[in-house]
Structures are given as C-alpha cells and as structure tokens.
Amino acid sequence: MSASASWIARDAAAVWHPFTQHADWTGDDPTVVARAEGPWLWDVDGRRYLDGVSSLWTTTLGHGHPGVNAAIADQLAKLDHATFLGASHTPGIELSETLIALAPKGDDPDLTKVFYAGDGSSAVEAALKIAYQYSTQTGHPRPKFVRLNHAYHGDTLGAVAVGGHDLFHQAYKPLLLETVGIESPGDRALGADRLTTAISHLRSVMHEHGDQVCAIIVEPMIQGAAGMLDYDAAFLREARTLAYTYGALLIFDEVATGIGRTGRMWAAEHAGVVPDLLTCGKGVTGGYLPLSAVLAAEHVYEAFLTRPGDSSPRTFFHGHTYTANPLCCAAALANLRVMGEQDVVARADRLGERLGKLLEPVAAKDAVTEVRRLGTMIGVEVAPDGHRTGFRVCRAARDRGVWLRPLGDTVVVMPPLTLGDDEADLLVEALDAAIDEVLG
Ligand SMILES: *Cc1c(COP(=O)(O)O)cnc(C)c1O
C-alpha cells in the first residue's frame, strides 16, 4: 500500500472535510500533502505539484519563506498569545498602522481603523454588524443589505445571507437575514448589457428601499467563488455614489482580491473609490496563519463612541477569543514587509499579464468557453461534457505536476504572486494538455 493510500484510509475514517461530498472522497484519490516550499507541494509519496491555486488563494510569497518563518519564530519566543479584549500588544498595533498606511486612498474618506477577526467570513460578519449598528446610531435602524447575485462572502450565516451563490446558499434560505439581491455586472448570462443592467437594477433598488438599506456589499471588480466573474469598475463608482445618496455604507469584501492579488494592493484601486468598510483575509498573512480584518472609515468608528449626556452604550459588542493573535499579526507584518521590499504587487501585475498571454491559445480552444482574468485571479471556463468536467481537468493537470481546484466548470488559476517564468509555463502547459486530454 502506498503512503497516500494508507493516509487516505485513516483520513476517511476520522475527517469530515469542508465543501466535500464524502461519498466520492476516497474514490477521488485526494492529495495528502506532507510538505511545501516556494510554489511547490509534496505529497506523502514524495510526488511534487505546483500549487496552482495558492493553497486556496492565500499564498503570496510562496511556502516556507525564510523571512515569514523567522518572524513567526521570533514572535513565538516573545509572546504566543495575549487577549485584544481590554488589552493590546505590539504586533497588533504595528499591523494596524501598516494596514492603514497601505489602505486604498482617494477622494472619499480614508480608512483609519482596523478591527480584527479570524477568517474571511468572520470579517464579513463583523462588517455586517458594524453597518447595521451604524445605522441605528446615526439615524434609524436599516435592517436590509443589498448584495449581488452570484456573490460569495463566506459561510457563516450572516455571510451566507449576503451571498448569492445558489449551490452554496440555497439550503440555508429560511435562516437568513433580509437582503435585496441585484443583478451582477459580471453575470455573462445577462449578455453584453450586463453593466448597464446591474447599474439600473441597483438604482431602482436603492430608490425603492434606500432608507431601509444599511449597506451595499460587493466583491470589488471580480466575483471570485462565482467563477472569476470580472466586471467593469464603473459599477463600483455608481455603487459609491448611490451609497452616499441614500445614506448607506459601502462594503468592499477584499478577502480574495486584496493584498496584491489583482495586480494592485486592493481591487478598489482599479475603480478609484474607497469604501466605508473593507474586509481582508486570505493573503494577509501570506497564507501562513489565519487572520482577517475590517478596515473602517473614521466616521463609522466615531458613530460607536459614547456622547456626553447620552446613556446608550454604542460599543461594538463583538469579538473573538483569538482576535489579533500575535503570531498571526507577526506573519502578516512580515508578509507585507517582504511584499513591499520586493515590489510584489507590481510583480503580480506582470505575472498576471504573462499568464494572460500564455493562456491565449487555451482561450481559443473549442472546449474553452471563456478565460477571465484580473491580475492573478484567473478562471478558465471549460465547456461541460457531462460529469464534473472541471474536476476531471484538474485531475489531469495533477498527473502533469500541477495542483488545481475548480469552481464547477471553471478551472481556477491563482498561483503565488512571486511565481517564476518557468513555473508559469509549466502551469499553463499542464492545463492546456489536461483540457486536451479530457475534452480533446
Ligand atoms: C474566501 C472568501 C471569503 C471567506 O473567507 P474564509 O476565510 O473562507 O472564511 C469571504 N469573501 C470572499 C470574497 C472570499 O473569497
């Protein structure tokens, strides 16, 4: 028995995996990862794979970066954990300063305060509660959220409520908050008019429900989990204007798009607008440890301060036990420092261009419906041929040394931001051959 086979048997006996149909699991011959370095993963049998999806969209500098490893070890020698509830610590303060310095800037009010959470979903959850409580403390309660069709904001119930991904969210509909879904500017089913359709839908929804809406929440520029549905920046500028007009907050969920992934530090920079609340997660620590955050504008933060002669507490009664864990903060600080020193955001922009060029012949194949890309967020949508086409293409790529994970029939290509030229070539060659094998 191979090492993989015996680990898979032990796995199947004890583990329940996320987003996984366990009736298929062992038959699907899952990869059991033993170690990683740079853009490479090795399984327990010593086979090497290129990490083509950055370990679920998190890895920025590659695995085992000496600078990040050393920063975590140094922090561990000083302070493992101390609470952020009623106390503070140095890495938490330094990371807040760093995130604020890096935050998107523009004509809108700056983002000036950082509230920490653990995963992307918990950052979204905090942002939703902040937005609702903000409405109660600045005017009147506004219980509705405006969200996009096909949106994905995480798996906790608040985050599911503002999602619009039927496969992931349908089962929980009776449990969810009140939201108003609008057409997505990235929805190919709407055809060439999708931008104007989405803008006019947003306008009419705000006209009808505006004074009940506490926030409009979007994944800026590209809906990731929907299959990399990129869209025009004009939609975000219109959303910014409408949020101001109707007194709602604008939330950009940059959990996937933030930290250089789109070839800018933030996707917001493509549109030149600044939201009132911005969530980040995934790439913040470079993929080393779980940490997420909500960046807030000063006017939002101020609405939570007590006023003289006002007895209402105004406090944001929300937080997690491991909020701003010092090891996670140290990993994030090291990741952001190295990204700055090595100009990784500009490199990500160039890597995206290079992958886009390499994928041109793939996009021209009959078996490929569309290749969508913003920076290094890439979706290669293949024409379904029956059963689990995207999955089978990823398995065929794995046979060629590249590990990919699909979203339905869209094969996601989202490598570490520092991927080298030869590795980018290997990635696209393996995908190209895998598509031919499955659909050729
Ligand atoms: C992944 C993702 C989330 C959820 O993050 P988790 O860390 O998985 O909870 C939220 N929003 C967006 C846009 C994401 O891509």
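- Under an unreviewed UniProt entry, the protein has the name Adenosylmethionine-8-amino-7-oxononanoate aminotransferase and belongs to Glycomyces artemisiae.
- Turning to the protein, the UniProt annotation filed under Function (unreviewed entry) states: "Catalyzes the transfer of the alpha-amino group from S-adenosyl-L-methionine (SAM) to 7-keto-8-aminopelargonic acid (KAPA) to form 7,8-diaminopelargonic acid (DAPA). It is the only aminotransferase known to utilize SAM as an amino donor."
- Taken directly from UniProt, the Subunit (unreviewed entry) text for the protein runs: "Homodimer."

### Re the overall build of the protein
Phase 1: Of the regular secondary structure elements, the protein holds 16 helices and 17 strands.
Phase 2: By the compact-globule yardstick of 22 Å for 440 residues, the protein fits well, its C-alpha radius of gyration being 22 Å.
Phase 3: Taking the principal axes of its C-alpha atoms as reference, the protein extends roughly 75 × 55 × 45 Å.
Phase 4: Here the protein holds 440 residues, and the buried ones make up 52% of them.
Phase 5: Pairs at least 24 apart in sequence give 70% of the contacts found in the protein among residues at least 6 apart.
Phase 6: For the protein, the exposed surface amounts to about 18600 Å²; the carbon and sulfur share of it is 53%.

### So, the domain arrangement of the protein
Phase 1: Considered domain by domain, the protein is made up of domain 1 (31-64 + 343-439) and domain 2 (71-342).
Phase 2: Just the C-alpha atoms count here: the centres of domain 1 and domain 2 sit 27 Å apart.
Phase 3: Contacts between the two partners involve 32 residues from domain 1, matched on the other side by 30 residues from domain 2.
Phase 4: Regarding the contact of domain 1 and domain 2, the summed buried area is about 2500 Å², with carbon and sulfur atoms giving 62% of it.
Phase 5: Here domain 1 and domain 2 share two salt bridges between them.
Phase 6: A salt bridge links arginine 188 to glutamate 370; the nearest nitrogen and oxygen atoms lie 3.1 Å apart.
Phase 7: Inspection of the region where domain 1 meets domain 2 yields 16 residue pairs in polar contact (both at pLDDT 80 or more).
Phase 8: Contributing elements (two or more residues each) for the side of domain 1 that touches domain 2: helix 2 (54-57), helix 13 (344-358), strand 13 (368-374), strand 14 (377-382) and strand 17 (410-413).

Cut-off values and rules
- Residues numbered from 1 in each chain as written.
- Predicted model: local features only at pLDDT ≥ 70, side-chain atom pairs only at ≥ 80, totals over all residues.
- Heavy atoms only, no water.
- UniProt positions renumbered as here; feature names shortened; annotations may be inferred.
- Helix = DSSP H or I, 4+ residues; strand = E, 2+ residues; numbered from the N terminus.
- Rg over C-alpha atoms; globule rule 2.2 N^0.38 Å.
- Buried < 20%, exposed > 50% of the residue type's maximum accessible area, 1.4 Å probe, protein only.
- Contact = heavy atoms within 4.5 Å.
- Areas by Shrake-Rupley, 256 points an atom, 1.4 Å probe, with all protein chains shown as cover.
- Domains from an automatic or database assignment.
- Buried area = accessible area lost by both parts, 1.4 Å probe.
- Salt bridge = Lys/Arg side-chain N within 4 Å of Asp/Glu carboxyl O.
- Polar contact = N/O pair within 3.5 Å; in protein donor to acceptor, adjacent residues only side chain to side chain.

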